[in-house]
Amino acid sequence: MTLSSCGFHLRGNLPLSQFKAVYVQSDAHSELAELLNERLQQNSVRLLDSMQADAPTIQLVNDTLERRTLSLFPSGQVAEYELIYKVSYYLIMPGAEPAFNQFELYRDYQDDPNQALAKARELDLLLEELRQQAANRIIRQLARLN
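The following refers to the structure shown.

Right, let's talk about the sheet that holds strand β1 (residues 21-25) for a bit. The strand order β2-β1-β3-β4-β5 describes an open sheet built from five strands, whose pairing is mixed. What marks the edges here is a single partner per strand, and that holds for β2 (46-47) and β5 (99-110). Pairing of strand β3 (residues 57-72) with strand β4 (residues 78-92) involves 14 bridges; the strand directions are antiparallel. Bridge assignment links Asp63 to a residue of β4, and that residue is Val87. Of the strands in this sheet, β3, β4 and β5 touch helix α3 (residues 116-144), which is tilted by about 150° from β5.

Pasting the structure below:
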């Protein structure tokens, strides 16, 4: 009762009942598109094989990962990076102009040349987490379109 009175709600499937089917257009083998398709299916949205005039389309333009140096070791090697995951996409609703959207997600990443293999795995996990957050953000935007 305390959690519900403070406005907290468990995150789960979002109400996407207004969308019976959606087409996701992206580059072949896009990991973000795969995650987005999973989220749509979890929300009982049918995925279309091609663009249709009466169904929304999510056109993923690009998703890129950049990194910016935050700090250096005394030896001059990079100690810490800021990871910047940029996503841009069009949301095309039936009978409306395409709406361009873009956003950036940020994470700090500490590098250690002595732990190269472990740090490479950590970077992969961080990138996967950023992609999941990006897919969730796109789904939340869809849910707001009632």
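Within the secondary structure, Ala135 sits in helix α3. Separated by 95 residues in sequence, Ala135 and Leu40 place their C-alpha atoms 9.5 Å apart. Setting aside chain neighbours within four positions, we find Ala135 in contact with Leu32, Leu35, Leu36 and Arg39.

In a regular helix each residue adds 1.5 Å, so twelve residues correspond to 16 Å; helix α2 (residues 31-42) covers 17 Å between its end C-alpha atoms and thus fits that length. Those residues of α2 lying buried are Leu32, Ala33, Leu35, Leu36, Arg39 and Leu40. All buried residues of α2 lie within an arc of 160° about the axis, which places them on one face of the element. Buried residues along α2 sit against β1, β2, β3, β4 and α3. Looking one or two residues beyond α2, the residue adopting positive phi is Ser44, at roughly 60°.

What counts as what
- Residues numbered from 1 in each chain as written.
- Predicted model: local features only at pLDDT ≥ 70, side-chain atom pairs only at ≥ 80, totals over all residues.
- Heavy atoms only, no water.
- Pairing = 2+ DSSP bridges.
- Helix = DSSP H or I, 4+ residues; strand = E, 2+ residues; numbered from the N terminus.
- Contact = heavy atoms within 4.5 Å.
- Axes fitted to C-alpha atoms, helices over the stretch in contact; angles between N-to-C directions.
- Expected span 1.5 Å × (residues − 1).
- Buried < 20%, exposed > 50% of the residue type's maximum accessible area, 1.4 Å probe, protein only.
- Arc of directions from axis to C-beta.

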